[in-house]
Amino acid sequence: MHSSGLMSSLRALLVLLLAFPLTASAQYYTVDPITETVTIAWPEAAPAWRMEVIRPSNSSSTDGSGLELRNVSYNGRQVFKVAHLPVVNVEYDEGSGFGCSCYRDWSDFEARFLTAPEANDAIFVDAEPGSVRTTCDFAGEIDPLLDQGDLRGIAAEDFGDRLVVTTQYAAGWYRYRVQWVFHLDGRMQPSYAFGHTPNVCTQFGRNHHAYWRFDFDIGGDDGELAADGDYIVESAPTGSFTFDTEARRNHGNGVEWSVYDRNSGRGYRLTPGPEQEMPVDDFAYADAIVLSYKPTELDDGGGFSGTFCAIDFESPGPPDPQNGGMQKPPLLDGDSVLDTDIVLWYRTGTRRTDEGDTSCRILGPTLTPVGNWAVSNENKAPSLPSTAALSAAYPNPFDRVTTVRFRVDEARPVTLTLVDGLGRTVRTLYTGTPVPGQEVEAQVTAEGLPSGSYTVRLTGEGISETTRVVLLR
């Protein structure tokens, strides 16, 4: 190669490296400059969380879905295939002027926000904890409704006990901040908040809605994917039940939804946040929609350029090119959701009254692990062997009797108890010192117990394992 050609090649390589700096191997993340995918394994020393994070401009569905997570796992076991926010809409009060009626917003146009260090046009910033500020964080300051900072991608803040991942995107005069908080104990807190820049419509009262789509693929034993064995339970103070077909549901008093893997008993429980104070109406449709997974159902087909604004789960969709141009069936069409791949849609909604209210509404549920999510044996260091294992109950839910099994790896006294929804021990199922490695079987009978959700708890020195059972009479 001629020297001039070599120098040109070196200059081109240097430009590429400056534009897309390579991530050092010691960090908890890597960035693919081609796909712009951020891969996170956090914490760096012993990752509890692994996931792929997609920026809004590359997110899926008709008009994007904000900050999109893919292949999320906790302690080596899958939780989500995809988690994102495909539908955002706003309905103005009747009689609002200037054409302010109803809008279906897009979620793929990134807006600037502030981080330290600053990073113009970066894909990802490993930000100093506490430095991320979006439109929501400037409320009450000078020019609070104008964009600040220079980052249009993704920022993460490592606080030690939690990782906070944030982005901000725009739809007209609205600014949407989407954030996920990942805790070391397995809890997740996805949140959605909105602010706005000056516009004539923002002086009118309106209702905002954002619809999360959680494609659960709860991992089974040894980390394998077991989505075909998932089921979903609704729990409330008055009782619990397992869904058998697709359905729409509302918050109610103390309602929670839990998705479980049938084989391992592991699951995640969704507890509603402040959004439950805003009741559902015809426009909002429902607070939770339980669906079976279909690869073409990333949203309801409405979209910013579509023919409807309110979310729609019951009307046939547009023609499907993957099915010979035939019209797509409704999303909610009565399919089975028992022992299958489950998608849970969840609505966060709030009301804004007038222009003078510049504060952001921060909305979103808490997702809590249920069952044994301890690090699997193949991921443990040799110095941290497993001390106990509590299997999932079977059958579950049950109406007469269900069986749980456990084992311990070292001889030590243990107690197996049944705890009700108020945290009270209602039965002692076993107490003693079992033979190490030998499986012990205990039964939970329905006699004398009201319908509802219970926790089976195995405790002892260095041992704390739980699994949930549901009694349906």
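Residues numbered from 1 in each chain as written. Predicted model: local features only at pLDDT ≥ 70, side-chain atom pairs only at ≥ 80, totals over all residues. Heavy atoms only, no water.

Moving on: the overall build of the chain. A count of helical and extended segments in the chain gives 1 helix and 30 strands. Counting all 473 residues of the chain, 52% fall into the buried class. The contacts in the chain between residues at least 6 apart in sequence include a share of 65% that link residues at least 24 apart. Surface accessibility of the chain: about 20600 Å² in total, with carbon and sulfur atoms responsible for 52%. (Helix = DSSP H or I, 4+ residues; strand = E, 2+ residues; numbered from the N terminus. Buried < 20%, exposed > 50% of the residue type's maximum accessible area, 1.4 Å probe, protein only. Contact = heavy atoms within 4.5 Å. Areas by Shrake-Rupley, 256 points an atom, 1.4 Å probe, with all protein chains shown as cover.)

Within the largest apolar cluster, 62 residues are counted, with the highest numbers of intra-cluster contacts made by I40, W49, F80, W180, F214 and Y268. Tallying contributions element by element places strand β5 (residues 77-92) first for this core, with 7 residues. Counting 22 residues, the second-largest nonpolar core is a separate cluster that includes L429, A442, A446 and Y454. (Core = buried A, V, L, I, M, F, W, Y, C linked by side-chain atoms within 4.5 Å.)

What follows is about the environment of P56. You can see P56 is positioned in the loop between β3 (49-54) and β4 (68-74). The exposure class assigned to P56 is buried, which follows from its relative accessible area of 0%. C-alpha separation for the pair P56 and I154, spaced 98 residues apart in sequence, amounts to 8.8 Å. Discounting residues that sit within four places of it in the chain, P56 has contacts with G66, L67, S107, D108, E110, T167 and Y169.

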